[in-house]
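Spelled out, the chains give:
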Amino acid sequence: MENILEVKNLHVSFDTHGGEVTAVRGVSFDLKKGETLAIVGESGSGKSVTTRAIARLIPSPPGRIKEGEILFNGKDLAKLKEKQMQQIRGKDISTIFQDPMTSLNPTMKIGKQIMEGLMKHQKMDRSLAKKKAIELLDLVGLPDAKERVDQYPHQFSGGQRQRVVIAIALACNPQILIADEPTTALDVTIQAQILELMKDIQRKTESSIIFITHDLGVVANVADRVAVMYAGKIVEIGTVDEIFYNPKHPYTWGLLGSMPTLDNEEESLVAIPGSPPDMLQPPKGDAFAPRNEYALEIDNELDPPMFKVSDTHYAATWLLHEYAPKVEPPAAVKKRMKGFGNTGASPISKKGDD
Amino acid sequence: MSGEKLLEVSNLKQHFKTGRHSVVKAVDGVSFDIYQGETFGLVGESGCGKSTTGRSIIRLYNATDGDVKFKGVDVHGTKSHAQLKMFNRKMQMIFQDPYASLNPRMTVLDIIAEGLDIHGLTSSSQERKARVQELLETVGLNKEHANRYPHEFSGGQRQRIGIARALAVDPEFIIADEPISALDVSIQAQVVNLLKDLQKKHGYTYLFIAHDLSMVKYISDRIGVMYFGKIVELADSDELYKNPLHPYTKSLLSAIPLPDPDYERSRTRVPYDPSQLDSSEEPEFREVQPKHWVLCTTKEFEAYKQEIKQ
């Protein structure tokens, strides 16, 4: 499959009174046509900043893209002027934000909010745009679209508003849809509906989705590939099976271990001790080392490079170095792996290859 | 679990007037018991009345109707000042939002010691300070943290301060209203482990209110599922997950995504359709099997009994 987006060595910083906050420190990944890439990580890991940089939504100042390329169909978005970016944003790349309560304009009818993009990018006239807006509301599963197109956001429930936000994002058939925690504010049953909707739409429109979340259950549900971020870097990336059934990075182990499965009873959860580092002064070496019980001495000196596990699976941990001591993942994580015929000892999972 | 009833809630109702003629029945006839030393989980979607139930139990609202008995004593009845104080000491609450539930102008020392002061539990400022430092260490913070202000802490640390505050007055029963939903996954596990450890050491009884079903399953001994102000199903947590009977419970369970891609590929969601329920009579709360209660009509009751035998 061809790459629709290539991010290369992206660095994003914010200049604050306290100094420079290095929110994203060298992120590289690509996005293929029609796939869903999930980015997971704790708050402050830089996952939202990465995607906002792609959509060029970082306010500047204080933020700036310090280094790196964002190649979208061969064009470097990082170098575009705001005027040029406006031709792309909302048309080729659109964003669904986390909070449906605040991402709609309360003083505008929702129809008008959907029509905005259509009239600007597709040069539709008012009546055509309205027709298309009603179609879109139908597409996202909002009943009585004809009447509701003339209603205001406060007349909708949270799940319905998120559907409206999705309709706006889809209006111009974007090639890339960035979904920044689109279901975090919603109840599980509504979340399930929205996820089904997004997958359904993806099937119809063949758009690529970057899905940000910290809920690993949601990741397992929607993602084709997963990137795990920590302290402004991608620490592990692979297919969804590789990340869940053959994780290599201790941080990924920690994330998986801290989620209860429905059959673990008595054993306590594997919590990751401590809290994420202060990005005003990112630590020397591996930023995860202070919270990592598997940390080696070299972690305090040198940041690990990406080690290749398979053609699609990479992890940044010195444990994968040929001289590193052999380390077994914690029991809670191994159990997950075992359930699927993987003892955790084999270096490469074959599951993701099909 | 010693099998002794610590809290008895019977037919609790909490109605809010929202206009001259409209009433929101947030909690509409809820009954359950909580036993000494257990963790009782209350789950449901937003707006189902689970938080209101918790808040009515601890008297943050005056109940519209029904009884809440704590160790056999009615909570909502009129009480003398001294009785009320004693009751307030034995029942404590941990709130959802660790950012909004700590006074930003007070030091951690004063926040945690507020309960100690009100109940006169310490006699000197040294003792007060020592007790707070001890509590901070219990919840996994440093004693040096006592002189700082809430804004200097992360979400997980703040929630620990909230827990220390609840523990300060030596309670028996703690209502935790979504204590982890504002926290990151890795921090959630820290807080849940802390709550479990404290229970093991001190024998606390918890009412754990949450919408994250997998976490509730993990921490609770028994679970009640709420829908529109009523408990629709109540059972031991294993039983509830293995043999859900009420269609709403089934629907809710089928909607949880689990961190397992193979499971996710095969999971099918069961939508909930209240019109499928038997409406020939007013449903009642019935015991389908020992310790497994479902809100149902007589007809459904028989059907559920059949279902569970299979």
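Cut-offs and rules
Residues numbered from 1 in each chain as written. Chains lettered and ligands numbered in written order. Predicted model: local features only at pLDDT ≥ 70, side-chain atom pairs only at ≥ 80, totals over all residues. Heavy atoms only, no water. UniProt positions renumbered as here; feature names shortened; annotations may be inferred. Helix = DSSP H or I, 4+ residues; strand = E, 2+ residues; numbered from the N terminus. Rg over C-alpha atoms; globule rule 2.2 N^0.38 Å. Contact = heavy atoms within 4.5 Å. Areas by Shrake-Rupley, 256 points an atom, 1.4 Å probe, with all protein chains shown as cover. pLDDT = per-residue confidence, 0-100. Axes fitted to C-alpha atoms, helices over the stretch in contact; angles between N-to-C directions. Parallel < 35°, antiparallel > 145°, perpendicular 65-115°, else oblique. Left-handed = near helix turned anticlockwise from the far one by under 90°. Nonpolar A, V, L, I, M, F, W, Y, C, P; charged D, E, K, R; others polar. Phe/Tyr/Trp six-rings, centres within 6.5 Å; stacked < 30°, edge-to-face > 60°. Buried < 20%, exposed > 50% of the residue type's maximum accessible area, 1.4 Å probe, protein only. Lys NZ or Arg CZ within 6 Å of the ring centre and 35° of its normal. Pairing = 2+ DSSP bridges. Domains from an automatic or database assignment. Buried area = accessible area lost by both parts, 1.4 Å probe. Salt bridge = Lys/Arg side-chain N within 4 Å of Asp/Glu carboxyl O. Polar contact = N/O pair within 3.5 Å; in protein donor to acceptor, adjacent residues only side chain to side chain.

The name recorded for chain B in an unreviewed UniProt entry is Peptide ABC transporter ATP-binding protein, from Salipaludibacillus neizhouensis. Among the UniProt annotations of chain B, the heading Sequence similarities (unreviewed entry) holds the following wording: "Belongs to the ABC transporter superfamily."

An unreviewed UniProt entry lists chain A under the name Peptide ABC transporter ATP-binding protein, from Salipaludibacillus neizhouensis. UniProt lists a comment for chain A under the heading Sequence similarities (unreviewed entry), and it reads "Belongs to the ABC transporter superfamily." UniProt, in its Subcellular location (unreviewed entry) section for chain A, records the words "Cell membrane".

K.L.:
Where do I start with the overall build of chain A in this structure?
P.N.:
Each helix and strand counted, chain A has 11 helices and 12 strands in total. In terms of overall dimensions, chain A is globule-like: its C-alpha atoms have a radius of gyration of 21 Å, near the 20 Å expected for 354 residues. Dimensions of chain A, computed from C-alpha atoms along their principal axes, come out at roughly 70 × 45 × 40 Å. When contacts within chain A are restricted to residue pairs at least 6 apart in sequence, those whose partners lie at least 24 apart make up 65%. Summed over its atoms, the accessible surface of chain A is roughly 15500 Å², and 52% of this surface lies on carbon and sulfur atoms.

K.L.:
Any chance you could explain the confidence of the model for chain A here in plain terms?
P.N.:
Caution is warranted with low-pLDDT regions, since their predicted coordinates should not be read in detail. Across chain A, pLDDT averages 85, with 94% of residues at or above 70. Across residues 339-354 of chain A, confidence stays below pLDDT 50; counting only partners more than four residues off in sequence or on other chains, it has 25 contacts.

K.L.:
Sorry, what's going on with the packing of helix H5 (residues 155-167) of chain B against helix H6 (residues 185-202) of chain B here?
P.N.:
In helix packing, the relevant descriptors are the interaxial angle and the interaxial distance, both defined with respect to the helix axes. Residue and element names in this part refer to chain B. Packing of H5 against H6 leaves a shortest axis separation of 10 Å and a crossing angle of 20 degrees. Judged by the inter-axis angle, H5 sits roughly parallel to H6. Where H5 crosses over H6, the two elements pack in a sense that is right-handed. Counting all contacts with H5, which are made through Gly156, Arg160, Ile163 and Leu167, the residues of H6 involved are Ile187, Gln190, Val191, Leu194, Leu195 and Leu198. Here the residues of the contact of H5 with H6 sort into 7 nonpolar, 2 polar and 1 charged.

K.L.:
Looking at this structure, how should I read the packing of aromatic side chains?
P.N.:
By convention here, two paired aromatic rings are described through the distance between centres and the angle between planes. Following the criterion strictly, the structure yields 15 aromatic pairs over all chains and no others. Pairing Trp253 of chain A with Tyr294 of chain A gives two aromatic rings, centres 5.1 Å apart and planes at 85 degrees, and the pair type is edge-to-face. Of the two residues, Trp253 of chain A is situated in helix H10 (residues 250-257) and Tyr294 of chain A in the loop between H10 and strand E11 (307-308); the sequence distance between them amounts to 41 residues. One exposure class covers both Trp253 of chain A and Tyr294 of chain A, and it is buried. For the pair Tyr227 of chain B and Tyr272 of chain B, a centre-to-centre distance of 5.1 Å together with 85 degrees between the ring planes defines the contact as edge-to-face. One end of the pair, Tyr227 of chain B, is in strand E9 (residues 222-227); the other, Tyr272 of chain B, is in the loop between helix H10 (261-266) and strand E11 (284-289), with 45 residues separating them in the sequence. Connected via pairs of aromatic rings, a cluster forms that spans Tyr227, Phe228, Tyr248 and Tyr272 of chain B. The ring of Phe156 of chain A is capped by Arg148 of chain A, whose NZ or CZ atom sits 4.2 Å from the centre of that ring. The lysine or arginine in question, Lys196 of chain B, covers the ring of Tyr218 of chain B, its NZ or CZ lying 4.3 Å from the ring centre.

K.L.:
Is there a simple way to think about the sheet that holds E11 of chain B in this case?
P.N.:
All names here are of chain B. Taken together, the 8 strands give an open sheet; going across it, the order is E6-E7-E8-E3-E9-E10-E12-E11, and neighbouring strands pair in mixed fashion. In the strand order of this sheet, the two ends are held by strand E6 (91-94) and E11, each with one partner. If you compare each strand with its neighbour and ignore which way they point, the axes differ by 20 degrees on average. Inspection of the sheet shows strand E3 (residues 39-43) paired to E9 by 4 bridges, in the parallel sense. Within E9, the residue paired with Leu42 across the bridge is Gly224.

K.L.:
Can you help me understand the packing of helix H3 (residues 108-118) of chain B against H5 of chain B in this one?
P.N.:
All names here are of chain B. Remark: H3 packs on H5, axes separated minimally by 7 Å, with the N-to-C direction vectors making an angle of 30 degrees. For the element pair H3 / H5, the angle class is roughly parallel. Contact residues: H3 offers Val108, Ile111 and Ile112, while H5 offers Ile161, Ala164 and Arg165. When the residues that make up the contact of H3 with H5 are grouped by side-chain class, the tally is 5 nonpolar, no polar and 1 charged.

K.L.:
Honestly, the UniProt feature "domain: ABC transporter" (unreviewed entry) in chain B in this entry has me stumped. Any pointers?
P.N.:
The feature "domain: ABC transporter" (unreviewed entry), as annotated in UniProt, sits at residues 7-253 of chain B in this numbering. Helix makes up 38% of residues 7-253 of chain B and strand makes up 26%, while its end C-alpha atoms are separated by 27 Å.

K.L.:
Any chance you could explain the sheet that holds strand E1 (residues 3-16) of chain A here in plain terms?
P.N.:
The pairing of strands in a sheet happens through backbone hydrogen bonds and is either parallel or antiparallel. All names here are of chain A. With respect to topology, 4 strands assemble into an open sheet ordered E2-E1-E4-E5, the strand pairing being antiparallel. Every other strand in the sheet has two partners, leaving strand E2 (19-32) and strand E5 (75-76) as the edge strands with one partner each. When E1 meets strand E4 (residues 63-72), the two strands line up antiparallel, connected through 8 bridges. By the bridge assignment for E4, Phe14 is matched with Gly63. Those strands touched by helix H1 (residues 47-54) are E1, E2 and E4, and its axis lies near 115 degrees from that of E1.

K.L.:
Would you mind going over helix H3 (residues 110-121) of chain A with me for this structure?
P.N.:
One full turn of an α-helix is made of 3.6 residues, so residues set three or four places apart face in the same direction. Residues and elements named next belong to chain A. Residues of H3 that are buried include every one of Ile110, Gly111, Gln113, Ile114, Met115, Leu118 and His121, and no others. In this structure, the buried residues of H3 make contact with helix H2 (82-88), helix H4 (126-139), helix H5 (145-148) and helix H6 (158-170). Trailing H3 by a residue or two, Lys123 shows a phi angle of about 50 degrees, which is positive.

K.L.:
Sorry if this is basic, but what is going on with the domain arrangement of chain A here?
P.N.:
Interfaces are often sized by the amount of accessible area the parts lose when they come together. Residue and element names in this part refer to chain A. In terms of domain boundaries, chain A breaks down into domain 1 (3-223) and domain 2 (227-353). Using only C-alpha atoms to locate each centre, domain 1 and domain 2 end up separated by 29 Å. Domain 1 puts 29 residues into the contact, and the matching count from domain 2 is 21 residues. When domain 1 packs against domain 2, close to 1900 Å² is buried across both sides, 62% of that on carbon and sulfur atoms. Summed over the three residues of domain 1 that lose the most area to domain 2, namely Arg25, Glu42 and Leu216, the buried surface amounts to 36% of that side. There are 1 salt bridge connecting domain 1 and domain 2. The partner of Glu42 in a salt bridge is Arg291, with the nearest N and O atoms 3.2 Å apart. In this assembly, domain 1 and domain 2 are joined by 9 residue pairs in polar contact (both at pLDDT 80 or more). Only E2, strand E3 (36-40), H1 and helix H8 (216-222) provide two or more residues apiece to the side of domain 1 that touches domain 2.

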